[in-house]
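Each chain, letter by letter, is given below.
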Amino acid sequence: MNHVIVGLGGTGGKVIRALRKLIFQEFRSEEPEGVPLGWLYVDSSDELMAPDDASWKTLGVSVQLPAASQLLITDANLAARLDDLDSYPGIKPWIGAREQWRDILNSIVGVTLGGQKRRLGRFLFACKADKYREQLQTQVRRVQAGGSSETTFHVLCGLAGGTGSGSLIDALVQLRELFPDAQRYRVLVYALLPDPYPPPNWDTGNYHANGYAALLELNALSAGAWQPHDVLGRKGRLALVDPFNGCYVFGNENEHGVTVDVQQELPGIVAEFLYQKIIRARHGGWPTLARMENAENGDGSPETAPASRRGERARRFLTFGIKRVAIPEEEIAEFLGYGFARQALLALAHEHWQEALGYVEEPRPFDAGAFVRQKDVQQRWALDDDHLLMNVPILAGDGQAPKWQTLTLEWETAIPHFKSLVRELDRTIWLDELAKYCQKRWDEDFRDLGVTGFYETKLKARKDIAREIANRIERELANDWRIGARGLDACARLVAAVIELLDERHAQLGERIARARAGEDEAQTRLNQNARDWAGMGVFAKLTGTPASLLDAHAVYLQELYVNRTRGVALRAQQQLLPELIAALAELKTAIERAAGSLRTALERFGQRLEQRLADGATATGSDLRRHLIRYYDPARVREVAHRLGLDAEVQRGQAAGARAALFGRFGETLRFADFNSRMPLATLLDTLEKTGEEAARLAHASLIRTPAERVLGVSIIERLAERFADDAAARRAWVGELVRQAGAFTAFEPLEMHRSAPGIPAGTPSALAKLTVIVPKAPAHADFVAALKSDFRGARSGDVEVIDADGGDNEIVLVSIVNLFPLRYLKPVAQLRERYERRLNHSGDPARARLELHTEGDGAQLPPLYVASPEDIRREGLPYVLLARALGVLREAENPATGEPEVLLLGKDADGFDNPPLALGRTLTESWAALDLLKLDALRAQVVQLLADPGWRHRERREQLLETVRACVDAVRLERGDDRQDAQYLRFLDAGKQAARLLKGEER
């Protein structure tokens, strides 16, 4: 069987979201094998449609609908359509007064939403009805691709709003017009009644009244009493057979008075019901369900008008209740997984393992300052003097050793060569030539640029040099973090220690520069003295060995001079480089701290999630059986298992490594902290750790928790119940009995309506047929216990109980209560909705505007009522027809020939023009209204409507004559009552006369 789930408005979207989460949690896939599913979500708000909406995530994976399964109906130019209605034949017949629409549209600020105005919701839907049909057909083709054509449509909506409630009728009729075969294409509606006591700001005026108006239209549609206009403008009114097979109607309070939250809980409950119907029962089958939804277990024909077979109150309505006795597998798995995720985060943050505690939330002790002062670390990170004085290349493409040497070696290597060159020259110019060679090296040849040129060039690239050094440090730290050698806090502390070290060095540079300057000055003094000694030599001395010794001394002094001078330039360059390096490292530290902040936030989130799980203190025997979910488990056992797994060093180190691999795998070979921050938003971090944590927790549980008594995952509910009740049959029967007694529908029934008897209500026809279905997982190992349990369920109530054996779902037993074949008047909440509806109409100040907002077409008067009229209702509704019948001449006052008493008779003819038997309505005209009952009212109304439809009575002048006769009759009653204008009897006739006038003018139907 194929299934297409259609969500209308916010309620429909929330149910779809909950159902897709359930499916993914069970199958780790968005579509279970063998169950083709199509989806279509229609709304005027895109609140739930964003691709990155975190509320669609489960187990770290988003189950958001693709664009092809979303239809946003808000971007329609409604004002332009109103200005040119003749061009929109699908809207013109039902849209209503243009002036009222101007007021409605002028009140809209921003995006046009349904706004609790049902006709506005229909207006929006009508503008996209063709797109709705197109997307619906696409989904049907997709699910039918497997070969089977039979498809069930599940249409989900709330009745209180404007979009879902306003688009429901057209969504149904367009669907059925596309797929008219009700046997091959079943249509089921799931309609949520308005919350009796909604949260503040939910009710903006029409909230409850919308619900009743929607029920009036659903009822009329099913009863065949109303054919809506085709919003596509192609077929006029759409007369459809079986517009829907069945309509579930439910609220947020079950028949035992237990209330659930409409926003948070109820969508999940409806999703669970759909899950059981669509997914879980697909193998064992659930044939009785289909029969009930098709009204095949009884008479599904509507209650009729009293004197005709015209349908008035449809009986294709159902309600449901669902109760699950479940070991909360997903919650337990989440609890264990969140614990694992938190341990992985602690490893990432601190990498501090303690045998008795696991990974702890405190830094691992170590001396970061001593570490960064180690010689090999400084060389590796280019923080030693050779790198910072630029004796060793840092940037790619710089010279390589031995081309670059330390500053001392640079001159120690060069000057002996210069000495050898000058020795070949005339002795008299040795010192001058040696000085020239040194100056040339200073100016031009030092590293091909000269000292000043070299360092000026390097200083232009100081940002790049600083960045490269910071990158070297980051690469090592990030890799250590990646492989689990360091926690993130250690990385931050090391960078802080480097910054502190560089600050110290920067503070010392002034003194070092001064020492280099002093050394330069001292060497210069010696050079000057040596030059004077050279100048003072005699001819004989210059011809002997004295020049050689002076040359050697001069070379030494030049070397000292240029080494100190070069060092001074290098130190001044370092003085400018270090602030850039400190800034780059500060940026790195900020990136690390930002990443650490993400880890802290993630730790808080997982801590909160852990607190929320297992927080209700549920135990195997202590759960509230009134709730729809009875969580059958021992929280203490779960916490004990979590604690045990959390202290297993091998498991936790392994799962932390798996978490790191999942997190860092997307960064390739090189991890940068800034990239982590930009490409690992908090949501992705949480999702990844949630997914890996749960997977690791399940694996660890499977491998380490071996005995059945200790296991908390993969546990059979039958096994746990057998542990509890195997030796106590009485306790088992009592528990099952209370469970069944509390398994009720999500609405309450009104006994007075259920037992009402009146014309048009089929006598002896069963209605509100209830069935309890219990879905029990197969458990061959506990066959005897299962047999006894089934017997207990069958004997727990006198009604119809069936037990279905199901494959899968070993952790739960599900009870589904379904009641079908009832008119809407049976439901208690409907009475409150009717009262709110009538109050909205009678106290709005503008009833016509209120009716336009509440009803998708017309004013609601064309729709049959949901309730059998009370005697007072019959009289109030019938009196205008009494007046019209008298004016038309079919109501005559005469004398009874047998008794001589006066009587009022209704005379009429049948369809063939023959006289009907006279119908007595009382002794006098003023008493005739009191004698009306449903049969007489139906006959009276039918006679008047038939006559007024005759061409002879359509002319305005003839209708004015009728109205004048009605006025005279009302005046006669006033005179009869002593000309008392406050007389109750006269006021009844006065109101009825005004109603008759509206009927004659076509203002009422």
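Look above for the structure.
Now for a description of the structure that goes with this document. Everything numeric in this text was worked out from a predicted model, so none of it was measured. (Residues numbered from 1 in each chain as written. Predicted model: local features only at pLDDT ≥ 70, side-chain atom pairs only at ≥ 80, totals over all residues. Heavy atoms only, no water.)

**Concerning the pairing of strand S19 (residues 902–906)**
As a general feature of sheets, a regular strand has side chains that alternate between the two faces.
Thought 1: Most of S19 sits inside the fold, with 4 of its 5 residues counted as buried.
Thought 2: Bridge count for strand S18 (residues 891–895) against S19 is 5 bridges, and the pairing is antiparallel. Looking at S19, one finds that Arg 892 is bridged to Leu 905.
Thought 3: Here S19 pairs with strand S20 (residues 919–920) via 2 bridges, running antiparallel. Looking at the pairing, Leu 906 lines up with Leu 919 of S20. (Buried < 20%, exposed > 50% of the residue type's maximum accessible area, 1.4 Å probe, protein only. Helix = DSSP H or I, 4+ residues; strand = E, 2+ residues; numbered from the N terminus. Pairing = 2+ DSSP bridges.)

**Topic: the environment of Lys 131**
Thought 1: Tracing the chain through its elements places Lys 131 in helix H5 (residues 129–143).
Thought 2: On the accessibility criterion, Lys 131 (33% relative accessible area) is partly exposed.
Thought 3: Residues Lys 131 and His 755, spaced 624 residues apart in sequence, show a C-alpha to C-alpha distance of 46 Å.

**Notes on the pairing of strand S16 (residues 800–806)**
Thought 1: Burial analysis of S16 places 5 of its 7 residues in the buried class, which makes it a mostly covered element.
Thought 2: In this structure, strand S15 (residues 769–777) lies alongside S16, joined through 7 bridges in parallel fashion. Bridge pairing links Leu 772 to Val 801 in S16.
Thought 3: Between the parallel elements S15 and S16, the chain passes through helix H28 (residues 783–795) in a crossover that is right-handed. (Right-handed = clockwise from strand over helix to strand, strands pointing away.)

**Quick word on the sheet that holds S19**
Thought 1: Here we have 3 strands laid out as an open sheet, ordered S18-S19-S20, and antiparallel in their pairing. Both edges of this open sheet fall to S18 and S20, since each of them pairs with a single strand only.

**Here's the deal with helix H22 (residues 649–664)**
Thought 1: Its 16 residues give H22 an end-to-end C-alpha distance of 22 Å, which sits within 8% of 22 Å, the value for a rise of 1.5 Å per residue.
Thought 2: For H22, the complete set of buried residues consists of Ala 649, Val 651, Gln 652, Gln 655, Ala 656, Ala 659, Arg 660, Leu 663 and Phe 664.
Thought 3: For H22, the capping residue at the N-terminal end is Asp 648, with a side-chain oxygen 3.2 Å from the backbone nitrogen of Glu 650. (Expected span 1.5 Å × (residues − 1). Polar contact = N/O pair within 3.5 Å; in protein donor to acceptor, adjacent residues only side chain to side chain.)

**Considering the environment of Pro 635**
Thought 1: Its place among the elements puts Pro 635 in helix H21 (residues 635–646).
Thought 2: On the basis of relative accessible area, Pro 635 is assigned to the buried category, the value being 5%.
Thought 3: Sequence spacing of Pro 635 and Leu 614 is 21 residues, and the spatial spacing of their C-alpha atoms is 5.9 Å.

**Some points on the packing of aromatic side chains**
Thought 1: Per the stated rule, a full pass over the model turns up 35 aromatic pairs.
Thought 2: Ring geometry for Phe 454 and Tyr 455: centres 4.9 Å apart, planes at 85°, overall edge-to-face.
Thought 3: Here Phe 454 falls in the buried class, since its relative accessible area comes to 2%.
Thought 4: Relative accessible area serves as the criterion here: at 2%, Tyr 455 is assigned to the buried category.
Thought 5: Taken together, the aromatic side chains of Tyr 190, Tyr 248, Phe 250, Phe 273, Phe 320 and Phe 746 make up a single cluster linked through ring pairs.
Thought 6: Note that Arg 122 overlies the ring of Trp 94, its terminal NZ or CZ placed 4.3 Å from the centroid.
Thought 7: A cation over a ring is seen here: Arg 486 above Phe 371, with NZ or CZ 4.8 Å from the ring centre. (Phe/Tyr/Trp six-rings, centres within 6.5 Å; stacked < 30°, edge-to-face > 60°. Lys NZ or Arg CZ within 6 Å of the ring centre and 35° of its normal.)

**So, the pattern of salt bridges**
Thought 1: Summed over the entire model, instances satisfying the criterion amount to 83 salt bridges.
Thought 2: Of the charged contacts in the structure, one is a salt bridge between Glu 334 and Arg 613, with a shortest N-O distance of 2.8 Å. Linking Glu 334 in helix H10 (residues 329–349) with Arg 613 in the loop between helix H20 (546–612) and strand S14 (629–631), this pair joins segments that are 279 residues apart in sequence.
Thought 3: Across the pair Glu 520 and Arg 565 runs a salt bridge, and its minimum N-O distance is 2.9 Å. Of this pair, Glu 520 sits in helix H18 (residues 488–535) while Arg 565 sits in helix H20; the two residues are 45 residues apart in sequence, bridging distant segments of the chain.
Thought 4: A network of salt bridges, in which partner residues are shared, links Glu 303, Arg 310, Glu 312, Arg 313, Glu 753, Arg 756, Arg 825, Glu 877, Asp 938 and Arg 941. (Salt bridge = Lys/Arg side-chain N within 4 Å of Asp/Glu carboxyl O.)

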